[in-house]
Amino acid sequence: MPVRSPTMNTAVDQTMMQTQELPGMKSNNIPVLEEAEETNENVSKEKLTNMKLMMKTFVLGALREKEQGNHSRYNELVEILSKDPSSPDAPSTLKLFTWIVVLSQCVSLLDKSCATLVEAALQIDWSFRNRAFVNAYIDFLENLVSAHAFYVVPILNSLAQGFRYRLHVPEGTTVTRSKSYERCHEALQCILQLIPTGTNSLFVSLVRFMPHKRFNTAEQAAYIKNILYVSEYVPVLRKQILGIVIDQMVQIDAQIQIELDEMDEDIEFDVYDMNFDNDYDSEDSDEEIEEDEDDIEDDVSVDSQASHEDTDRKDSINQIKYMVRKLDAMMHLSFQYFSKCSQQATVEVQNEIFYALVDIFDRAVLKTLKSRYTQFLLFYFCSLNVNVYSEHFLEHLIQHITDPMKPNVTRVAAAAYISSYVARAKFLEPSTIQRVILTLSVWCDSYLEQYEPSLKSLDCTRHDVFYAVIQATMYIFCFRWRDLVVDNELELEEDMEEDMFAEEHRHLTQPQTGFGNGATRTWCVGLRNLPRLVMSKFNPLKLCAPAVVRQFAKLARNTHFMYVYPVLEKNREIFVPGLGGSNLLQTVQTFFPFDPYKLEGSRVFVDNIYFEWISEEDEEDDDTDEEDDDSEEEEDVASGMMAMSISPSPTHYLH
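Along each chain, residues carry numbers from 1 onward, in the same order as the chain's sequence is written. In keeping with the predicted nature of the model, local features appear solely for residues at pLDDT of at least 70, side-chain atom pairs appear and are counted solely at 80 or more, and the whole-chain, interface and lining totals rest on all residues. Only hydrogens and water are set aside when side-chain values are computed; all heavy atoms of the structure are taken into account.

Participant: Please explain the overall build of the chain as it appears in this structure.
Facilitator: Scanning the chain from terminus to terminus reveals 28 helices and 2 strands. Counting over 655 residues, the chain shows a buried share of 56%. Pairs at least 24 residues apart make up 79% of the contacts formed inside the chain by residues separated by at least 6 positions. Segments assigned H or I by DSSP are reported as helices when at least four residues long, segments assigned E as strands when at least two residues long, and all are numbered from the N terminus. Think of it in three bands: residues with accessible area under 20% of the maximum for their type are buried, residues over 50% are exposed, and the middle band is partly exposed, with areas taken using a 1.4 Å probe on protein chains only. We call two residues in contact when some of their heavy atoms are within 4.5 Å.

The structure is reproduced here in structure tokens:
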């Protein structure tokens, strides 16, 4: 419960003295005084008492006459409260204050027939006025909901709207936007303390005033920050609020649809400074892509009006620039929220947030296949408790992959996520990586035994889960092969004795012909049957992503794991119907969800937990003739991997 400042009686006296109209000012102008100028020199108690008495008489008379059918004075009161504060005939702060105090004393009379009067009172710009005015206004809201519960929804709507970014603050005020937000939160907490059941209506209000994805960075960031703070004191809405925040980010994320690595030479992405007390001037400062100044004035929240039909590169870059900045700011605020929770929240709250993130991931992220950055929220949260959250996430993905009742798009997407996660999560222990490889390998081995005997020809539209899992294994090998080497044979034997798959798959411990030829390393158990899988009739080296296959072939040779170049050469002559077309397998093969994080403002939360590509030290391509034809392609792949990404944009597969 927020602490309210001086008591009502004292605050009234001080504020009325402070807000007396200054000499030389027109009586109908609103005097703007700084809080530091609050004195008892301008309004006497006697004058204030007389004003309240006259205005109360007016209000009671207006309500009585309205009941009798005469709405003239009632409408006059509504008009007074509805006047634009910037208009010359707007009521002064002193008069507005007195109207609010009087209405607060008459709330029992403000039934549903007085909804227009209450609506006018709720439109008063109260949060930027002096502290005593704020106290009086919050008292009015409390009295109103206590007397009439049906006013809870309009009040919650008004407070939720107060969390939006305001382009212009009232002229001359010393109250900042941040202070205004604090006061809206204070009022909201007071209302919810009186009406705890208002939380359901509150969530509807928060959704209603969620800025459209086209709105500018300040609008998005201010609202996200405020509703995340709401989730701290309204924990029952925590999961729902996280859901709408992430949904918003997924929508923006999916629209970017670019490779930032390719754009680095052409554009420098801006970072929003998160200072909501400064005026947001992107429309004027960022290349001035808005051509219609009237539109800017009427709809300042729109970052870019570039038409989809506009092929001008400059406009396209600016539009991308705005979207990236919005997403960066939203990601930064979310990371900041999670970091705060990890330091201050209880274990129960942290667990609640994690499981909410997993549920949201399943619903909004997993099958999107266009999201580039939003999934890093879960990536980051897993790093906060590796033994619990990371392990659960890996197990969750494995359950998706191995569950035959799941749709194939879910299973192959989960394979893409587990490969990219294990490859990029710097905080994973080698034992965890080896266990994931073993689990995937065992599943593939079982799949092979079941379906290989009946396989007649290669088909890229069938067995897509199998190919996705094989590709995941090869991708993990490319990034984390150093962690797949066991230190000694004793460790290998101990792992086999403890492993639940040991008896059923004892044959996996024996390398096949050519396995480890010339090797100086002992590989983990999970890799022992990979040669058999790679050389099977399914021919994954033909159907998996070419970039992954080429890099796997290169590293497998250089690490003496296995030699597959003859298979690649033979695959050149094999034709597979539909290969390279628009299908689920091809889409997922080009999707690596944890590719390098390029949002400059928020990457500070990711950099220290992110595993960068490490090139294999011995990469000289002066071996046999069969590799000469592939040398140029291999150099391109190695270059891409060293640049921390081998995945092109998948959008051309998703139309």
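Participant: In this structure, what is going on with the packing of helix 9 (residues 199–208) against helix 10 (residues 217–233)? I would like to understand it.
Facilitator: To characterise two packed helices, one gives the angle between the axes of the helices and the distance between these axes. Angles here are taken between N-to-C directions and fall from 0 to 180 degrees, while the axes themselves are lines fitted to C-alpha atoms, restricted in helices to the stretch in contact. One way to put it is that helix 9 packs onto helix 10 with a least axis distance of 12 Å and a crossing angle of 170 degrees. Our classification of the angle between helix 9 and helix 10 gives roughly antiparallel. Contacts between helix 9 and helix 10 pair Leu202, Ser205 and Leu206 from the former with Tyr223, Ile227 and Val230 from the latter. As a working rule, the residues Ala, Val, Leu, Ile, Met, Phe, Trp, Tyr, Cys and Pro are called nonpolar, Asp, Glu, Lys and Arg charged, and the rest polar, with Gly in that last group. Each residue belonging to the contact of helix 9 with helix 10 can be placed in one class, and the counts come to 5 nonpolar, 1 polar and no charged. Under this scheme an angle from 65 to 115 degrees is roughly perpendicular, one under 35 degrees roughly parallel, and one over 145 degrees roughly antiparallel; angles in between are oblique.

Participant: Help me out: how do you make sense of the pattern of salt bridges in this one?
Facilitator: When the charged atoms of two side chains lie near each other, side chains of opposite charge can form a pair. The term salt bridge refers to a pairing of a side-chain nitrogen on Lys or Arg with a carboxyl oxygen on Asp or Glu at a separation within 4 Å. On inspection of all chains with the given rule, the structure shows 18 salt bridges. In this structure, the salt-bridge partner of Glu219 is Arg164, at a minimum N-O distance of 2.5 Å. Here Glu219 is found in helix 10, whereas its partner Arg164 is found in the loop between helix 7 (152–161) and helix 8 (177–194), with 55 residues between them in sequence. Arg164 matches Glu219 in its accessibility class, with the two residues each being buried. In this structure, Glu182 and Lys179 form a salt bridge, with 3.5 Å as the shortest nitrogen-oxygen distance. Of this pair, Glu182 and Lys179 are both found in helix 8, 3 residues apart, which corresponds to roughly one turn of the helix. Overall, the relative accessible area of 47% leaves Glu182 in the partly exposed class. Residue Lys179 is classed as partly exposed on the basis of its relative accessible area of 36%.

Participant: Help me understand the side chain of Ser339 in this model?
Facilitator: By secondary structure assignment, the location of Ser339 is in helix 15 (residues 313–344). Residue Ser339 is classed as buried on the basis of its relative accessible area, which comes to 16%. Leave out the neighbours within four places in its chain, and Ser339 touches Tyr380 and Phe605.

Participant: Would you mind going over the packing of helix 16 (residues 347–365) against helix 17 (residues 376–384) with me for this structure?
Facilitator: Interaxial distance between helix 16 and helix 17 falls to 10 Å at its minimum, and their mutual angle equals 150 degrees. By the angle between their axes, helix 16 is roughly antiparallel relative to helix 17. For the pair helix 16 and helix 17, the crossing hand works out as left-handed. Contact residues: helix 16 offers Gln350, Ile353, Phe354, Leu357, Val358 and Phe361, while helix 17 offers Leu377, Leu378, Phe381 and Cys382. Helix crossings are classified by the rotation of the near helix relative to the far one: an anticlockwise turn of less than a right angle makes the crossing left-handed, while a clockwise turn makes it right-handed.

Participant: I would appreciate a short explanation of the confidence of the model for the chain in the present structure.
Facilitator: Close inspection of predicted coordinates is inappropriate for parts of the model with low pLDDT. Mean pLDDT over the chain stands at 80; residues scoring 70 or higher make up 72%. A low-confidence stretch, residues 489–493 stays under pLDDT 50, and its non-local contacts, those more than four residues away or across chains, total 7 contacts. Confidence of the predictor in every single residue is expressed as pLDDT, which spans 0 to 100.

Participant: Can you help me understand the packing of aromatic side chains in this one?
Facilitator: When we look at a pair of aromatic rings, we describe it by the centre distance and by the angle of the planes. Each Phe, Tyr or Trp ring (for Trp, its six-membered ring) is paired with any other whose centre lies within 6.5 Å, and the angle between the two planes then decides the class: stacked below 30 degrees, edge-to-face above 60, tilted in between. Scanning the model with the defined rule gives 48 aromatic pairs in all. Centroid distance Tyr421 to Phe427: 6.1 Å. Interplanar angle 70 degrees. Geometry classified as edge-to-face. The exposure class of Tyr421 is buried, given its relative accessible area of 0%. Relative accessible area serves as the criterion here: at 15%, Phe427 is assigned to the buried category. Sitting over a ring, as applied to charges here, requires NZ of Lys or CZ of Arg to be within 6 Å of the ring centre and within 35 degrees of the ring normal. Lying over the aromatic face of Tyr74, Lys66 brings its terminal NZ or CZ to 5.4 Å of the ring centre. The positively charged end of Arg73 is found above the aromatic ring belonging to Phe58, 5.1 Å away from the centroid.

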